[in-house]
Amino acid sequence: MAIKRYYASADNTITNAFQDNLTTRGTGSNMGLSDILEVFSIYGQESSGSQELSRALIQFDISGSANTIRSDADNNKLTLSNRATAEITALSKTSGEANTRTLVVTDVEGNTVTFTINASASTSATVIGFSDAGSNATQFATNIAAAINAANSAGTLKIKASSSDAVVTLTMVKRGAAGNDVASISGTAVTDSVVTINNHFKNGSDGASFYLRLFNAEHAETLPKDAILVVEALQKDWDEGHGLDMEGYADLTNGNGGCNWEYAQDGPGTTRVAWDRSGGNFHQSPTFTASFAAAGSGVTGSGPTADLQLNVTDLVYEWYDYDGTNGKKNHGFIVRLTGSQEAKFESGGSRAGTDHNGMINNVTGSTTSYYTKKFFARGSEFFYKRPCLEAR
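Below: a short report on this structure. (Residues numbered from 1 in each chain as written. Predicted model: local features only at pLDDT ≥ 70, side-chain atom pairs only at ≥ 80, totals over all residues. Heavy atoms only, no water.)

1. Observations regarding the overall build of the protein
When you go through the protein residue by residue, the secondary structure sums to 5 helices and 22 strands. For the protein, the residues scored as buried account for 51% of the 392 residues in total. When contacts within the protein are restricted to residue pairs at least 6 apart in sequence, those whose partners lie at least 24 apart make up 69%. Surface summary for the protein: the accessible area is close to 16600 Å², and the carbon and sulfur share equals 45%. Both charge centroids of the protein, one from 30 positive and one from 41 negative side chains, sit 3 Å from each other. (Helix = DSSP H or I, 4+ residues; strand = E, 2+ residues; numbered from the N terminus. Buried < 20%, exposed > 50% of the residue type's maximum accessible area, 1.4 Å probe, protein only. Contact = heavy atoms within 4.5 Å. Areas by Shrake-Rupley, 256 points an atom, 1.4 Å probe, with all protein chains shown as cover. Lys, Arg positive; Asp, Glu negative; His and termini not counted. Charge placed at Lys NZ, Arg CZ, Asp CG, Glu CD.)

2. A look at the sheet that holds strand β1 (residues 4–7)
The strand order across the open sheet built from 5 strands is β1-β22-β13-β19-β18, with neighbouring strands paired in antiparallel fashion. Across the chains shown, the open sheet's two edge strands, defined by having one partner strand only, are β1 and β18 (299–300). The sheet contact formed by strand β13 (residues 210–214) and strand β22 (residues 388–391) spans 4 bridges and is antiparallel. Bridge pairing links Leu212 to Leu389 in β22. (Pairing = 2+ DSSP bridges.)

3. Structural notes on the pattern of salt bridges
Inspection of every chain in the model, using the stated rule, returns 17 salt bridges. Arg101 serves as the salt-bridge partner of Asp192, at 2.8 Å between the closest nitrogen and oxygen. Remark: Arg101 occurs in the loop between α2 (95–98) and β6 (102–106) and Asp192 occurs in the loop between α4 (188–191) and β12 (195–202); sequence separation between them is 91 residues. The exposure class of Asp192 is partly exposed, given its relative accessible area of 38%. Among the ionic contacts, a cluster of salt bridges with common partners joins Arg5, Arg213, Glu390 and Arg392. (Salt bridge = Lys/Arg side-chain N within 4 Å of Asp/Glu carboxyl O.)

4. Re the sheet that holds strand β9 (residues 159–164)
In sheet architecture, strand pairing relies on hydrogen bonds along the backbone and comes in two forms, parallel and antiparallel. With antiparallel pairing, 4 strands are arranged side by side in an open sheet as β9-β10-β5-β12. In this open sheet, the two edge strands, each paired with only one partner strand, are β9 and β12. The mean angle between the axes of side-by-side strands here comes to 15 degrees, regardless of whether they run parallel or antiparallel. Relative to β9, helix α3 (residues 137–154) is tilted by about 165 degrees, and along the sheet it contacts β5 (83–90), β9, β10 (167–175) and β12. (Axes fitted to C-alpha atoms, helices over the stretch in contact; angles between N-to-C directions.)

5. Re the side chain of Gln309
Here Gln309 shows up in strand β19 (residues 307–311). Within the structure, Gln309 has its side chain in polar contact with the side chain of Arg392 (distance 2.8 Å). Contact partners of Gln309, with chain neighbours within four places excluded, come to Tyr211, Leu212, Arg213, Gly298, Val299, Thr300 and Arg392. (Polar contact = N/O pair within 3.5 Å; in protein donor to acceptor, adjacent residues only side chain to side chain.)

6. Thoughts on the side chain of Ser369
Structurally, Ser369 can be placed in the loop between β20 (333–337) and β21 (370–376). In terms of polar contacts, Ser369 uses its side chain to reach the backbone amide nitrogen of Tyr43, at 2.9 Å. Sequence-distant contacts of Ser369, that is, excluding residues within four places in its chain, are made with Ser41, Ile42 and Tyr43.

7. Some words on the layout of surface pockets
Of the pockets and cavities examined, the largest pocket occupies roughly 540 Å³. Lining the largest pocket we find 27 residues, and of these Lys174, Arg175, Asp314, Tyr317 and Glu318 sit closest to its centre. Taken together, the elements giving at least two residues each to the lining of the largest pocket come down to β10 and α5 (313–320). When residues in the lining of the largest pocket are grouped by element, the largest group, 4 residues, is from α5. Per-class residue counts for the lining of the largest pocket are 8 nonpolar, 10 polar and 9 charged. (1 Å grid on protein atoms, 1.4 Å probe; cavity = no way out; pocket = protein on both sides within 12 Å on 5 of 7 lines; lining within 4 Å. Points joined across faces, edges and corners; volume = space filled by probe spheres on them. Nonpolar A, V, L, I, M, F, W, Y, C, P; charged D, E, K, R; others polar.)

8. Looking at the nonpolar core
Membership of the largest hydrophobic core comes to 41 residues, with the highest contact counts inside it found for Ile69, Phe210, Leu212, Leu308, Phe333 and Leu389. In terms of residue count, the dominant contributor to this core is α5 (5 residues). Once residues within four sequence positions are removed from consideration, Leu212 is found in contact with Phe60, Val231, Leu308, Gln309, Leu310, Val312, Phe333, Cys388 and Leu389. Counting residues in hydrophobic clusters, the runner-up holds 33 residues, among them Ala86, Phe115, Phe130 and Val168. (Core = buried A, V, L, I, M, F, W, Y, C linked by side-chain atoms within 4.5 Å.)

9. What to know about the environment of Ile360
Within the secondary structure layout, Ile360 lies in the loop between β20 and β21. Taking the C-alpha atoms as reference points, Ile360 and Glu342, separated by 18 residues in sequence, lie 9.5 Å from one another. Leave out the neighbours within four places in its chain, and Ile360 touches Gln51, Leu53, Arg55, Trp261, Arg277, Ser278, Phe345 and Asp355.

10. Details of unusual backbone geometry
Here the residue pair Ser285 and Pro286 is connected by a cis peptide bond, since its omega of -5 degrees sits within 30 degrees of zero. Here Pro286 shows up in the loop between β16 (272–274) and β17 (288–291). Even without glycine at this site, Leu22 takes up a positive phi of about 55 degrees. Mapping Leu22 onto the fold places it in the loop between β2 (10–15) and β3 (36–43). Phi angles above zero are rare outside glycine, and Asn76 is one such case at about 60 degrees. By the element assignment, Asn76 lies in the loop between α1 (69–74) and β5.

11. As for α3
In this model α3 runs 26 Å from its N-terminal to its C-terminal C-alpha over 18 residues, within 8% of the 26 Å that 1.5 Å per residue would give. Following α3 by one or two positions, Gly155 has its phi on the positive side, about 85 degrees. (Expected span 1.5 Å × (residues − 1).)

12. Describing the packing of aromatic side chains
Within this structure, the stated rule accounts for 8 aromatic pairs. Seen from their ring centres, Phe292 and Phe375 are 6.5 Å apart, and the 55 degrees between their planes marks the pair as tilted. Taken together, the residues span a long stretch of sequence, with Phe292 in the loop between β17 and β18 and Phe375 in strand β21 at a distance of 83 residues. Exposure class is identical for Phe292 and Phe375. Each is buried. (Phe/Tyr/Trp six-rings, centres within 6.5 Å; stacked < 30°, edge-to-face > 60°.)

Given below as C-alpha cells:
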C-alpha cells in the first residue's frame, strides 16, 4: 500500500487555563510557534468548580499549490474516489401526459425528494415546471436538472444535475462506492414513460483514504487516563500566531496577530475576529473520536501514550469538493476532549446557561481532571512526527 504524507500548514494550542498566579486566565495567549500541541482538562484547581481547558487547532493546505492534495490529484499523482452517476432521458410529452407525474430521487446518504411535474407552476426544489416544456424534450430535461439542483441548494438532496439535449446526468456529491445500492430513481414519470432511465447510479469507486496522524510527545506531567479525544472541522478562518509560552501563557496576542481562546484572528484593527463561541466554533458533523483507553480505537499503540490515527476521509473530501453549496470550507481541525470529559462549568443566576469569563457552560462535564495529552506540533525538530494527513 502506497502512502503519501501531507504535513500541517498551521497549528496552535488555545486555552482558558490560569497563569501561574491562579488569578489571570491565559485566554489571550498564543502558542502558534510551539513545538508541542496540548489537550487537557483541569477541574477545581483555582477554586471549587473552576474550569481549565486546552484545545489544539491544525490546518492543512489543500488549495492546489505544489505538494498539496489538489495539485497531486490534478497531476495524476493521487487517485481520488469517484462519484456515482446516473442518466435519464426526458421524452417529448404533452402537458396532459406529463402533468402530476412524479420523479423520486434518492442519494447515497438516503435523502429522498419526490419531484412533481406541474404544468402550471415554476421549477423549484420539489417541482419540475412543465408550462414551457410541452412536446419539447430538451426544455423538459433542462427543467428536471434545474429542479434537482434546486433541491441540492436547499440541502435536501446531495446530487447535482446537468442536461444536454434531452439527456439529464445526475452526479452524486458524495464520493465513493458506498451507498450506490441505496441511490435510486423511480416514480410515475418512469412507470408512465414520461422519462426513460438510461442507467441507474453506478461507477462510484473508492480511491485514496485520508488519515489524520498526531504523534505522542512524552512528558513528565500527569497523563489522561481513558481519555477520549474528539476531532471536528473548524468553522472559521484563524491565524497561527507566533507564541511559544506553554507554561505561563505569557505570549499574548494583544491585537498583534494570531488566534487565542477568544479570537480566531487577533490582528490589528478590523482583522480582529472573535470566535462565535470561546474555545473555537466547529461543525457538529462529521465527528471523529479516538480512545486512549487500553485497546482503544482511533490510535496506534495503547493507553495514554498512544499516537492518534483517525480515518478522516469523508471530511477531507468535503473540503476538497467545497463549492459554496456542497462540502465544507477548509478551516482545519480542532482536537479536544469529548464534552463529558471536559471540565464541568455551570453558570448561575442571570448568566444561567451561558459561557462566562472564558469558561464554557458544560453542565454534563467532568468533575474529574483529565490531564495533559501532548502531541508534536509542526514546529517540532522531529520531522516525521509532525502532524500529517496520510493518503493511502
